[in-house]
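# Structural overview for review
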Amino acid sequence: MLKRFLPKQDRFFYFFQQMADILVAASTEFHRLLHHLNEQEHVDRIAIYEAQGDKIAHETFELLHKTFITPFDRHDIHHLTSHLDDVLDLINRCAQRFPYYQLQIVPNEMIQLAEISKQSCVLVKQAIDQLHSLKKAQEIFQCCEAIDHQESLAHQCVMTGEKKLFAEETDFKHFFKLKEIYAQTKSVINHCQDVGNIIKGILLEYS
């Protein structure tokens with residue numbers, strides 16, 4: 001009975017939106033890195049974004065621990081926050097590979113994959129920005145469906161890129177470097193799809 005008279009904590013939506021903003025910034029920086037492989041500042045900025053995301057995730061979990069009434073299920077809040085943070089972690093992990101591997105050139109498919117990952121993060125942000133209003137359920141579902149489409153594009157992009165690697169690349173070290181980056185970047189998009197699925201689950205339960 002008491003729960004009905006306590007205010008809901010809307011600061012969760014503010015944290016979600018902050019995470020989504022950082023996600024777009026990090027994925028945009030990653031896309032720039034693919035065009036400027038020797039510019040360390042892109043890698044450094046992504047690392048800063050990842051640290052900011054960790055801080056927001058920590059603040060969200062602290063708020064969740066202290067808040068009696070939440071906008072939706074506590075497990076969903078934790079799950080959504082964790083997966084947003086995971087996407088940032090993956091972008092940072094992938095970016096760190098570039099100076100370590102000292103790549104001087106990457107295939108066009110890898111650049112395309114970075115573009116798809118950026119677009120997936122933009123769609124995540126569009127869905128998150130509307131999540132505070134369940135009246136926007138249809139628009140949010142459309143964003144999530146668009147993320148699914150981006151994942152399909154990413155799958156085809158990776159298949160094409162890896163087929164070329166197997167057919168054309170004779171330097172085995174270079175082969176494995178590129179193959180790992182394909183896998184890491186595809187994981188970014190897969191996790192964006194996971195975020196979309198979590199959001200769809202929230203909508204189905206509460207709208």
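Scroll up to find the structure.
My aim in this report is to walk through the structure given alongside it, one point at a time. (Residues numbered from 1 in each chain as written. Predicted model: local features only at pLDDT ≥ 70, side-chain atom pairs only at ≥ 80, totals over all residues. Heavy atoms only, no water.)

### Focus: the overall build of the protein chain
Along the protein chain, the regular secondary structure elements total 6 helices and 0 strands. Across the protein chain, helices and strands are ordered from the amino to the carboxyl terminus as α-α-α-α-α-α. Its C-alpha atoms give the protein chain a radius of gyration of 19 Å, within 12% of the compact-globule value 17 Å for 207 residues. For the C-alpha atoms alone, the extent of the protein chain along its principal axes is close to 70 × 30 × 20 Å. Counting the 207 residues in the protein chain, one finds 49% classified as buried. (Helix = DSSP H or I, 4+ residues; strand = E, 2+ residues; numbered from the N terminus. Rg over C-alpha atoms; globule rule 2.2 N^0.38 Å. Buried < 20%, exposed > 50% of the residue type's maximum accessible area, 1.4 Å probe, protein only.)

### Re unusual backbone geometry
Unlike most non-glycine residues, Q102 shows phi in positive territory, near 55°. Position of Q102 relative to the elements: it lies in the loop between α3 (74–101) and α4 (108–129). Take Q102: its relative accessible area is 61%, and that puts it in the exposed class.

### A closer look at the nonpolar core
A general feature of soluble globular proteins is that nonpolar side chains tend to end up buried together. F30, L80, I91, F98, V106 and I199 are the most contacted members of the largest nonpolar core, which totals 66 residues. Counting only elements with at least two residues in this core, the list comes to α1 (11–35), α2 (40–66), α3, α4, α5 (137–168) and α6 (172–206). Once residues lying within four places of it in the same chain are set aside, the contact partners of F98 are F30, L33, L34, L37, L103, V106 and I181. (Core = buried A, V, L, I, M, F, W, Y, C linked by side-chain atoms within 4.5 Å. Contact = heavy atoms within 4.5 Å.)

### Quick notes on the packing of α1 against α4
Between α1 and α4, the least distance of the axes is 9 Å, while the angle of their chain directions is 165°. As summarised for this structure, α1 and α4 are arranged roughly antiparallel, according to the angle between their axes. Between α1 and α4 lies a crossing whose hand is left-handed. Residues F16, Q17, A20, D21, L23, V24, S27, T28, F30, H31, L34 and H35 of α1 touch α4, and the partners they reach there are M110, I111, A114, E115, S117, K118, C121, V122, V124, K125, I128 and D129. Split by residue class, the contact of α1 with α4 holds 13 nonpolar, 6 polar and 5 charged. (Axes fitted to C-alpha atoms, helices over the stretch in contact; angles between N-to-C directions. Parallel < 35°, antiparallel > 145°, perpendicular 65-115°, else oblique. Left-handed = near helix turned anticlockwise from the far one by under 90°. Nonpolar A, V, L, I, M, F, W, Y, C, P; charged D, E, K, R; others polar.)

### Describing the packing of aromatic side chains
In total, this model carries 9 aromatic pairs according to the counting rule given. Each ring, one from F72 and one from Y206, has its centre 6.2 Å from the other, and the planes form 50°; the classification is tilted. You can see F72 sitting in the loop between α2 and α3 and its partner Y206 sitting in helix α6, a full 134 residues away along the chain. A relative accessible area of 32% places Y206 in the partly exposed class. Aromatic pair Y100 and Y101: ring centres 5.6 Å apart, planes at 45°, arrangement tilted. Given the relative accessible area of 67%, Y100 is considered exposed. For Y101, a relative accessible area of 13% puts it in the buried group. Among the aromatic residues, ring-to-ring pairing joins F13, F16, F72 and Y206 into one connected group. (Phe/Tyr/Trp six-rings, centres within 6.5 Å; stacked < 30°, edge-to-face > 60°.)

Structural measurements only, silent on function.
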